[in-house]
Amino acid sequence: MNMDELKDVLTRYGQLQVLRFFDELDGCGRKKLLGQLEELDFASLDRLIKDYVLKKPDFKLPEKLDPAPFFPVNPRSEAEADYYRRAEEKGKEMLDAGKVAFLTVAGGQGTRLGYDGPKGTFPIAPVTGKSLFEIFAGRIARLGEKSGRKFSWYIMTSVVNHAQTVDFFRENKFFGLDEAQVFFFTQGTMPAVGYDGKLLLGSKNSLSLSPDGHGGTLLALRRSGALDKMKADGVKYLSYFQVDNPLAPMGDHRFIGLHVLENSEMSAITLSKTGPFEKLGNFCIADGKLAIIEYSDLPAELAESRNPDGSLRFVAGSPAIHVISRDFVERLTAGGELKLPYHRADKKVPFVNDCGELVKPETPNAVKLETFIFDALSLAEKTMVMEAVREDVFAPVKNASGVDSVESSRRMILSKNAAMLKSAGVDFPFGADGEPLARVELSVRKMADAEDVRDYVSRHGITRIEPGAEIFLD
């Protein structure tokens, strides 16, 4: 649209203030701001502002809320055990046929870790210091060897870290993967809105933009051309995980197989919560549909409710690990629009005031609008939830210290490696508290699963690990 048309649109929706410094900008600055404005759907944005900013939506608990059923780790009957065997065969079949690709959400920075850079570049491996990205790349390479395939890896970055992420891969020669295997695409953004309903400027030549939430992954797949590439490559299923979880199960045969056998459009892994108020979303059946109710929205009386045997009723927590059918993503993003609800987040958003000064507020001053990928579960025609062992699949790196920290994640990696070696017949030293007394890191490039570990131990004649040892097995 031309300048007159843009001014008419901005005037109609009460947002002309975003051009108040336009005459001061050079050509590049004007082009940048105009490009951002032209990408906005002002009619839709105006509705969102009225519904989510000018009034604060009240969360209403569904009238009927029950715990969600799930496939348990250990089968409850011989029939279920047989079904699991069939699922594992089907999952392997899908991997070997090239029907699976990997999808990593990696738009965040390592700020909370005290680290300056994309979170995926953070060195997390407990002995070698390999980055999160290198760990995932190694697993993908090994899975590819086992399946005779070169799996595609889709990595969603953000406008903040895209260039750094791509440079990191190039500097490290894609960690042994072919460059063509890795498809980078950028997460969408949404403008921050002041409590008065006005769009904020982050600088004189730019709106204050922020990522549109991990739900935006789905629309970004379409806009980037990733969905078209998947279809051309014959990919039907996406193994989705977040970049801050180095133990994310990639290529899990049972998980993929159950997704296929259950005709699920979107499946999820669940973990047994450590307590009623653990900060994990709760898998529930809400008015007949699978949904995740955030820990902060589940009333205490429900969170603490118990089964007759004393176990928690709402025990199924979400670690944000999914298998998603490509067809489902295409349906949810048809027409170039994302069919997910938005969520309001009150934030302290720096902005340029009327005097052209950058203001950094000390209290929340604006709303950021986000979509969450788990909301897609209630839109799927069929879903599936599978329980996993926490120690095997979930070691999040969210904080510099304490819960879900760098320290706890490395400790869990070491504990899993020790358990795998012990299961492979290695005499491994453990303390009275069950903690490993040696630091052993297994090469993910060589050992993607328990089968690989057993084979490695046998071929190298490893029978014992000495207490106090610090070893990288490659």
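Residues numbered from 1 in each chain as written. Predicted model: local features only at pLDDT ≥ 70, side-chain atom pairs only at ≥ 80, totals over all residues. Heavy atoms only, no water.

Peer 1: Please clarify how the packing of aromatic side chains should be interpreted in this entry.
Peer 2: In this description, a pair of aromatic rings is defined by centroid distance and the angle of the planes. Taken as a whole, this structure holds 19 aromatic pairs when the rule is applied. With centroids separated by 5.7 Å and ring planes inclined at 55°, the aromatic side chains of F169 and F174 adopt a geometry described as tilted. The residues F169 and F174 share a single accessibility class, namely buried. With a centroid separation of 6.3 Å and an interplanar angle of 55°, the aromatic rings of F174 and F184 are classed as tilted. Here F184 lies in strand β4 (residues 182-186) and F174 lies in the loop between α6 (162-171) and β4, a separation of 10 residues in the sequence. Note on accessibility: F174 and F184 belong to one class, buried. Ring-pair connections join several aromatic residues into one group, and the members of that group are F133, W153, F168, F169, F174, F175 and F184. Here K204 stacks its cationic end above the ring of F21, 5.2 Å away from the centre of that ring. (Phe/Tyr/Trp six-rings, centres within 6.5 Å; stacked < 30°, edge-to-face > 60°. Buried < 20%, exposed > 50% of the residue type's maximum accessible area, 1.4 Å probe, protein only. Helix = DSSP H or I, 4+ residues; strand = E, 2+ residues; numbered from the N terminus. Lys NZ or Arg CZ within 6 Å of the ring centre and 35° of its normal.)

Peer 1: Where do I start with the side chain of N282 in this structure?
Peer 2: Relative to the elements of secondary structure, N282 occurs in strand β12 (residues 281-286). A distance of 2.5 Å separates the side chain of N282 from the side chain of K273, its partner in a polar contact. (Polar contact = N/O pair within 3.5 Å; in protein donor to acceptor, adjacent residues only side chain to side chain.)

Peer 1: Just checking my understanding: could you explain helix α2 (residues 27-38) for this structure?
Peer 2: Since the α-helix packs 3.6 residues into each turn, any two residues three or four apart lie on the same face. Compared with the 16 Å implied by 1.5 Å per residue over 12 residues, the 16 Å span of α2 between its first and last C-alpha is a close match. If you follow the buried residues of α2, they end up packed against α1 (3-12), α3 (42-53), β7 (201-203), β8 (206-207) and β9 (209-211). By the N-cap criterion, in which a side-chain oxygen at the helix start approaches the backbone nitrogen of a residue two or three places on, α2 is capped by D26, the distance to C28 being 3.3 Å. (Expected span 1.5 Å × (residues − 1). Contact = heavy atoms within 4.5 Å.)

Peer 1: Quick question: what am I supposed to make of the nonpolar core here?
Peer 2: Note that soluble globular proteins tend to have their nonpolar side chains buried in a common cluster. F133, W153 and F169 are the most contacted members of the largest nonpolar core, which has 57 residues in total. Broken down by element, the residue count for this core peaks at 8 residues, all from helix α5 (residues 132-147). If near-sequence neighbours (up to four positions away) are discounted, W153 is found in contact with F102, T104, F133, F136, A137, I140, F169, L177, Q181, V182, F183 and F241. (Core = buried A, V, L, I, M, F, W, Y, C linked by side-chain atoms within 4.5 Å.)

Peer 1: Whenever I open this one, empty space enclosed by the protein confuses me. Can you help?
Peer 2: Empty space among the atoms becomes visible once a probe the size of a water molecule is rolled across them. Counted by the stated rule, this structure contains 1 cavity of 30 Å³ or more. Looking at the largest cavity, its volume works out to about 40 Å³. In terms of lining, the largest cavity is formed by K273, P276, F277, E278, N282, Y295, L298 and A303. Tallied by class, the residues present in the lining of the largest cavity amount to 5 nonpolar, 1 polar and 2 charged. (1 Å grid on protein atoms, 1.4 Å probe; cavity = no way out; pocket = protein on both sides within 12 Å on 5 of 7 lines; lining within 4 Å. Points joined across faces, edges and corners; volume = space filled by probe spheres on them. Nonpolar A, V, L, I, M, F, W, Y, C, P; charged D, E, K, R; others polar.)

Peer 1: Help me understand the pairing of strand β10 (residues 237-242) in this model?
Peer 2: Walk down a regular strand and you will see the side chains alternate between the two sheet faces. β10 sits mainly inside the fold: 6 of its 6 residues count as buried. Of the two faces of β10, the one holding Y237, S239 and F241 and the one holding L238, Y240 and Q242 are both buried throughout. In terms of strand pairing, strand β2 (residues 100-105) meets β10 through 6 bridges, oriented parallel. Across the sheet, F102 pairs through a bridge with S239, a residue of β10. As paired elements, β10 and strand β15 (residues 322-325) share 4 bridges and run antiparallel to each other. Bridging across to β15, Y240 finds its partner in H322. (Pairing = 2+ DSSP bridges.)

Peer 1: Please clarify how the sheet that holds strand β6 (residues 193-194) should be interpreted in this entry.
Peer 2: The pairing of strands in a sheet comes from backbone hydrogen bonds and takes either a parallel or an antiparallel form. Taken in spatial order, the 3 strands make up an open sheet running β6-β19-β16, and their pairing is antiparallel. Edge positions in the open sheet fall to β6 and β16 (343-347), since each of these has one partner strand only. The pairing of β6 with strand β19 (residues 366-370) spans 2 bridges and is antiparallel. Across the sheet, G194 pairs through a bridge with A366, a residue of β19. Contacts from α3 reach β6, β16 and β19 within the one sheet, and its direction differs from that of β19 by about 115°. (Axes fitted to C-alpha atoms, helices over the stretch in contact; angles between N-to-C directions.)

Peer 1: Help me understand the packing of helix α4 (residues 78-96) against helix α9 (residues 253-261), please; the structure alone is not making it clear to me.
Peer 2: Packed helices, taken two at a time, are described by their axes: the angle between them and the distance between them. Here α4 crosses α9 at 95°, and the two axes come no closer than 6 Å. With respect to their mutual orientation, α4 and α9 come out roughly perpendicular. Here Y83, Y84, R86, A87, E88, K90, G91, K92, M94 and L95 of α4 lie close against α9, whose contacting residues are H253, R254, I256, G257, L258, V260 and L261. Looking at side-chain class alone, the contact of α4 with α9 contains 9 nonpolar, 3 polar and 5 charged residues. (Parallel < 35°, antiparallel > 145°, perpendicular 65-115°, else oblique.)

Peer 1: Before we go on, may I ask you to explain unusual backbone geometry in this structure?
Peer 2: Note: most peptide bonds trans; most residues except glycine with negative phi. Of note, the phi angle at K173 is positive, near 50°, even though the residue is not glycine. Within the secondary structure layout, K173 lies in the loop between α6 and β4. Take K173: its relative accessible area is 68%, and that puts it in the exposed class. The backbone of D404 shows a phi angle near 50°, a positive value even though the residue is not glycine. Among the structural elements, D404 can be located in the loop between α12 (390-393) and α13 (406-423). A residue is classified by how much of its surface remains accessible, and D404, at 29% relative accessible area, is partly exposed.

Peer 1: Please explain the environment of Y456 as it appears in this structure.
Peer 2: By the secondary structure assignment, Y456 is in helix α14 (residues 450-460). Judged by its relative accessible area of 6%, Y456 falls in the buried class. Linking Y456 and V329, residues 127 residues apart in sequence, is a C-alpha distance of 39 Å. Once residues within four sequence positions are removed from consideration, Y456 is found in contact with M447, I462, L473 and D474.

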